[in-house]
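For reference, the chains in residue letters:
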Amino acid sequence: MKMTVRGIIFFGLYFVLITLPLDIALLANTTRVPKPFIVEVAVGAGFIGFSLMAMEFALISRIEAASQPFGEDSLQLFHNIMGVVALGLLLFHPIILVLNGYPANCWLNPFASCGNLATTTASLSLYALLLLVVSSLWQKRLRIPYEAWQVMHGLLALFILIASLFHIFILGRYTSTGLMKAMWLMYAVIVVGLILYYKIVTPLLRWNKRWQVAENRLERGDSHTLVLEPDGHDGFTFEPGQFAWIKKGSTPFGIGQHPISFSSSGDVPPGGSIAFTIKKLGDWSSELVPKIRVGDYMWIDGPHGVLSSDREQGMGYILIAGGIGITPLYSMCQTLAERGDARPVILFYGGEDWESLTFREEIEQLKNDLDLTIVFVLANPAEGWEGEDGFIDKEIIERYLPEQYQRYVYFVCGPKPLMDSMEVALPALGVPAEKVFSERFGMV
């Protein structure tokens, strides 16, 4: 993982803002009557937990300064981890207070007669946070539709922040000074500003950037390719391997955005079309995507992502794909072929069977314009198959590696088992870590 100056600055500010409420509280409230040390620790945990929740909005706002150094998927993973950390801190806060004499029933029951507005808002925000984390970690197991989860996630997060602020201000113990009031006002401005930017400003900036469906093509492997043309604008170019959030509808507002890799060449001429290839994996991709018609309008938020052959230069490329993970790597191959790039490319492409390999014919045709070696690996090959079978592993890769393989650049994209396997196999082969690039697109 490469760290840029912008990345260092962004995350430096991120962690400063997380600890700022506690720092100011300690400086601004030195005259108050002290509480037992463990109670002060519990209060500190609550402050930091709340700050984490507030700053979580920065991680999902697609801010380029944050996403470019690390990649959108890494940022999303960090967002998920920090959400669990915030939950742990905010659970620690009431548990310690209860162990030190605070009535447990007032915390467990938001509407208990012994409670007040301060404990009610605290309890409700904690239950909402539990629901948010559980629904995020087990969204697929609970069979919550992705669009419904998006709405629920956003509303719960906003409720947690508002209820937590009410709790803090009603108690008043750490908000009595002007300095603390200014700090909490700053947090409110940051959160509201990010929400407005993410939900209002960004869609408005795309208002005149509508795209129209030119083709909805059925592909091998239960996939559909949507070919989109710019409607009244010149479109854009992108770096091969990147992705975008796409949405169908009459306006750029509303729910239903999905992260999908580009499956066309990145060198798009002005007014040229772009393509996304989507495998049937969920409600949206299985039921709605096949019904998208020519002439329907789409909205694109992108390009995003740092997995790109334009960013990483080597004497050649080793591409490792599983299933629909072929799409960003296919985009790279197309772009290299169109540019007449002479560097060698070795593609390992794994699938369930021969019919599941999306773009297999198109990839074969690229051999005419690219020094491309293709290694198909089938988990369940038909009788008579003479190629590699099983799963892409260290032994299969080792058989095809060139002599100078440690100087090649490696791109990996596919399902979780493949990604996990390559994190072990490539280091075992002696591939330098700085030569390996991958992205996991689990956005929930």
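Refer to the structure printed above.
Bear in mind that the values here come from a model prediction, so they are computed numbers and not experimental data.

Colleague: Is there a simple way to explain the packing of helix H7 (residues 146-171) against helix H8 (residues 178-205) in this structure?
Modeller: The description of two packed helices rests on the angle between their axes and on the distance between the axes. The geometry of H7 relative to H8 is characterised by a closest axis approach of 12 Å and an angle of 170° between their N-to-C directions. Comparing the axis directions of H7 and H8 gives the class roughly antiparallel. Contacts from Leu 158, Leu 161, Leu 165, Ile 168 and Phe 169 of H7 reach H8 at Trp 184, Val 191 and Ile 195.

Colleague: Can you walk me through the sheet that holds strand E6 (residues 297-304) in this structure?
Modeller: Backbone hydrogen bonds hold the strands of a sheet together, and the pairing may be parallel or antiparallel. Pairing is antiparallel across the open sheet formed by six strands, whose spatial order is E4-E3-E6-E1-E2-E5. Looking along the sheet, the strands with just one partner apiece sit at the ends: strand E4 (258-261) and strand E5 (274-279). On average, each strand axis in the sheet is inclined to that of its neighbour by 40°, with strand direction left out of account. Bridging between strand E1 (residues 211-219) and strand E2 (residues 223-230) involves eight bridges; their strand directions are antiparallel. Note on E2: the bridge partner recorded for Gln 212 is Glu 229.

Colleague: Could you clarify how one ought to interpret the pairing of E1 in this entry?
Modeller: In the case of a regular strand, side chains alternate between the two sheet surfaces. Taken together, E1 and the strand that follows it, E2, pair antiparallel across an intervening segment of three residues, in which Gly 221 is found at a positive phi of about 75°. Bridge analysis of E1 against E6 gives two bridges, and the strand direction is antiparallel. By the bridge assignment for E6, Trp 211 is matched with Met 298.

Colleague: So what exactly am I meant to see when it comes to the pairing of E2 here?
Modeller: Most of E2 is tucked away, with seven of its eight residues classed as buried. Note: E2 against E5, six bridges, orientation antiparallel. Across the sheet, residue Thr 225 finds its bridge partner in E5, namely Thr 277.

Colleague: Would you mind showing me how to read the sheet that holds strand E12 (residues 436-438) here?
Modeller: Here six strands make up an open sheet; going across it, the order is E10-E9-E8-E7-E11-E12 and the pairing parallel. Pairing within the sheet leaves two strands with one partner each, and these edge strands are strand E10 (388-389) and E12. Of the pairings in the sheet, the one linking strand E11 (residues 409-413) to E12 comprises three bridges and is parallel in character. The residue of E12 that forms the bridge with Val 412 is Ser 438. Along the sheet face, helix H10 (residues 326-338) touches strand E7 (317-322), strand E8 (345-351), strand E9 (372-378) and E11 and points at about 145° away from the line of E7. Sitting on the sheet, helix H13 (residues 416-428) touches E7, E11 and E12, and the angle it makes with E11 is about 155°.

Colleague: Which parts of the structure should I look at to understand H13?
Modeller: One turn of the α-helix equals 3.6 residues, which is why residues spaced by three or four share an orientation. Over its 13 residues, H13 runs 19 Å from end to end, which matches the ideal 18 Å to within 8%, given 1.5 Å per residue. Of all the bends in H13, the greatest, near 30°, is centred on Met 422. Residues of H13 that are buried: Leu 418, Met 419, Met 422, Ala 425 and Leu 426. The inward-facing, buried residues of H13 contact E7, helix H12 (394-400), E11 and E12. The first or second residue beyond H13 is Gly 430, which carries a positive phi of 85°.

Colleague: What should I look at first to understand the nonpolar core in this one?
Modeller: One recurring pattern in soluble globular proteins is that nonpolar side chains are buried together. Formed by 28 residues in total, the largest nonpolar core has its most connected members in Met 53, Leu 129, Leu 161 and Trp 184. Of all elements in the fold, only helix H2 (37-59), helix H4 (72-99), helix H6 (117-137), H7 and H8 reach the threshold of two or more residues within this core. At eight residues, H2 tops the list of elements feeding residues into this core. In contact with Met 53, other than residues within four places in its own chain, are Ala 86, Leu 90, Leu 129, Ile 160 and Leu 161. Counting residues in each nonpolar core, the second largest holds 26 residues, with Tyr 349, Leu 366, Leu 370 and Phe 437 among its members.

Colleague: Can you walk me through the pattern of salt bridges in this structure?
Modeller: Oppositely charged side chains are able to pair whenever their charged atoms sit close together. On inspection of all chains with the given rule, the structure shows 16 salt bridges. Of the charged contacts, one joins Asp 310 and Arg 339 as a salt bridge, the two residues approaching to 2.8 Å between their closest N and O atoms. On the criterion of sequence distance, the pair formed by Asp 310 in the loop between E6 and E7 and Arg 339 in the loop between H10 and E8 is long-range, its members being 29 residues apart. A residue is classified by how much of its surface remains accessible, and Arg 339, at 40% relative accessible area, is partly exposed.

Colleague: I'm lost on H10 in this one. Help?
Modeller: Under the 1.5 Å per step criterion, the end-to-end length of H10 is 18 Å for 13 residues, consistent within 8% with the ideal 18 Å. H10 sits mainly inside the fold: 12 of its 13 residues count as buried. Along H10, the positions that sit buried rather than exposed are Ile 326, Thr 327, Pro 328, Leu 329, Tyr 330, Ser 331, Met 332, Cys 333, Gln 334, Thr 335, Leu 336 and Ala 337. Of the residues trailing H10, Gly 340 is marked for its positive phi of about 70°.

Colleague: Teacher, can you tell me more about the side chain of His 93 here?
Modeller: Counting through the fold element by element, His 93 comes out in helix H4. At a separation of 2.8 Å, a polar atom in the side chain of His 93 contacts the main-chain carbonyl oxygen of Ala 42. If we ignore the near neighbours within four places in the chain, the residues touching His 93 are Ala 42, Val 43, Gly 46, Trp 107 and His 167.

Colleague: Help me out: how do you make sense of the side chain of Ser 309 in this one?
Modeller: When you line up the elements, Ser 309 lands in the loop between E6 and E7. Its relative accessible area of 4% is what places Ser 309 among the buried residues. Apart from the residues lying within four places of it in its own chain, the contact partners of Ser 309 are Pro 240, Tyr 317, Met 332 and Phe 411.

Calculation notes
- Residues numbered from 1 in each chain as written.
- Predicted model: local features only at pLDDT ≥ 70, side-chain atom pairs only at ≥ 80, totals over all residues.
- Heavy atoms only, no water.
- Axes fitted to C-alpha atoms, helices over the stretch in contact; angles between N-to-C directions.
- Helix = DSSP H or I, 4+ residues; strand = E, 2+ residues; numbered from the N terminus.
- Parallel < 35°, antiparallel > 145°, perpendicular 65-115°, else oblique.
- Contact = heavy atoms within 4.5 Å.
- Pairing = 2+ DSSP bridges.
- Buried < 20%, exposed > 50% of the residue type's maximum accessible area, 1.4 Å probe, protein only.
- Expected span 1.5 Å × (residues − 1).
- Bend = angle between axes of the 7 residues up to and from the residue.
- Core = buried A, V, L, I, M, F, W, Y, C linked by side-chain atoms within 4.5 Å.
- Salt bridge = Lys/Arg side-chain N within 4 Å of Asp/Glu carboxyl O.
- Polar contact = N/O pair within 3.5 Å; in protein donor to acceptor, adjacent residues only side chain to side chain.

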